[in-house]
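# Geometric and topological summary
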Amino acid sequence: MQCAKRSAPPDVERGFQIATVTAERRTAGRIQFESRRDAEGFADLRATRDHQKNKNKKRDLRRFSGPPLTLTCIMIVSVLSMSRMQRKSFADVECTIARSIEQIGDGWSLMILRSALLGAKRFQDFESQLDAPPTTLTRRLQALTELGFFTRREYESHPRREEYELTEKGLDFLPVLLALAAWGTRWASPGGAPLECVDAETGRLLEPVLVDAQSGKRLVAGKVGLRAGPGASAALRRAMRGVRVVFGACARGGAA
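Summarised in this report is the structure supplied together with it. (Residues numbered from 1 in each chain as written. Predicted model: local features only at pLDDT ≥ 70, side-chain atom pairs only at ≥ 80, totals over all residues. Heavy atoms only, no water.)

### Observations regarding the nonpolar core
Our working definition: For our purposes a nonpolar core is just a set of buried Ala, Val, Leu, Ile, Met, Phe, Trp, Tyr and Cys residues, chained together by side-chain atoms within 4.5 Å. In this scheme, a residue with accessible area under 20% of its type's maximum is buried, one over 50% is exposed, and one in between is partly exposed, where area comes from a 1.4 Å probe on protein chains only. In what follows, a contact means two residues having at least one pair of non-hydrogen atoms within 4.5 Å.
If you look at the biggest cluster of nonpolar residues, it comprises 16 residues, and the most contacted ones within it are Ile112, Phe126 and Phe150. What Phe126 contacts, discounting residues up to four positions off in sequence, is Ile112, Ser115, Ala116, Ala120, Lys121, Asp131, Leu137, Leu141, Phe150 and Tyr164.

See below:
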């Protein structure tokens, strides 16, 4: 009698089914990627598969049908459901939103910063709070440290152990998370927010909003425009000349 097997989460199962190929598609047993982003994306998928397998105490890899996995760059793009154009770096795009996404453009990084702002410092703190695959967590913490969101501080020398302290750059990310929380309360919590923001001293309910620092006016769609800034290239300045660009101008109720 065979014991019933638990299935992996549908997205993980589907990803590995897509990545399974026949022997004719082998590439000398080596995994090839188009870019570092593709490699990291598949590593996350594989880490999630392994993490789920360990949690369920299932060691039988036969639950993924088909021959042993042999991966190529084409399959990686299929697994991640993104094209090469979509996965290019945004670091050099003349847009501060794009450049921010390049640094904090995935869910794990956002969740790590959320936990850090709520007091997590040590690897085991993040691991217990996020239930993230250890390899994924290690990569994200390293990347965020290299980008300047964290600094490492040794708290034990034998054996050597370090904790992650938020820098000014990391602390300055709080308004972004509060804006996400406000949006999620309105649009992603039909039964009401599971957690609410309150004043740390009085407990009064807070409503995070984005306002202009000089006028105090709330910034909403149809009321915020764009112009070339001091870091704009000559080409961008020419493209913006005589053009009126407003966020949400075409939306119902936006500016005319």
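What follows continues from the structure just given.
### Here's the deal with unusual backbone geometry
Put simply, the test is: A helix here means a DSSP run of H or I that spans at least four residues, while a strand means a run of E at least two residues long, and both kinds are numbered starting from the N terminus.
Cis rather than trans, the peptide bond between His158 and Pro159 has omega equal to -10°. Its identity is not glycine, yet Asp131 carries a phi of approximately 55°, on the positive side. Positionally, Asp131 belongs in the loop between α6 (123–130) and α7 (134–146).

### Observations regarding the side chain of Ser189
The criterion, for reference: Counting of polar contacts relies on pairs of N or O atoms within 3.5 Å, with two restrictions inside protein: one atom must be capable of donating a hydrogen and the other of accepting it, and residues adjacent in sequence are counted only when both atoms are side-chain atoms.
Mapped onto the fold, Ser189 is located in the loop between α9 (174–187) and β3 (224–226). For Ser189, a relative accessible area of 19% corresponds to the buried category. From its side chain, Ser189 meets the backbone oxygen of Gly184 in a polar contact 3.1 Å long.

### Details of the pairing of strand β1 (residues 150–157)
Along any regular strand the residues' side chains alternate between the sheet's two faces. The line we're drawing: When DSSP finds two or more bridges between a pair of strands, those strands are recorded as paired.
By the bridge criterion, 7 bridges tie β1 to strand β2 (residues 160–166) in an arrangement that is antiparallel. From the neighbouring strand, Phe150 faces β2, where its bridge partner is Leu166. Where β1 folds back onto β2 in an antiparallel hairpin, the turn is made up of 2 residues.

So far we have only geometry, and geometry alone does not tell us how the molecule works.
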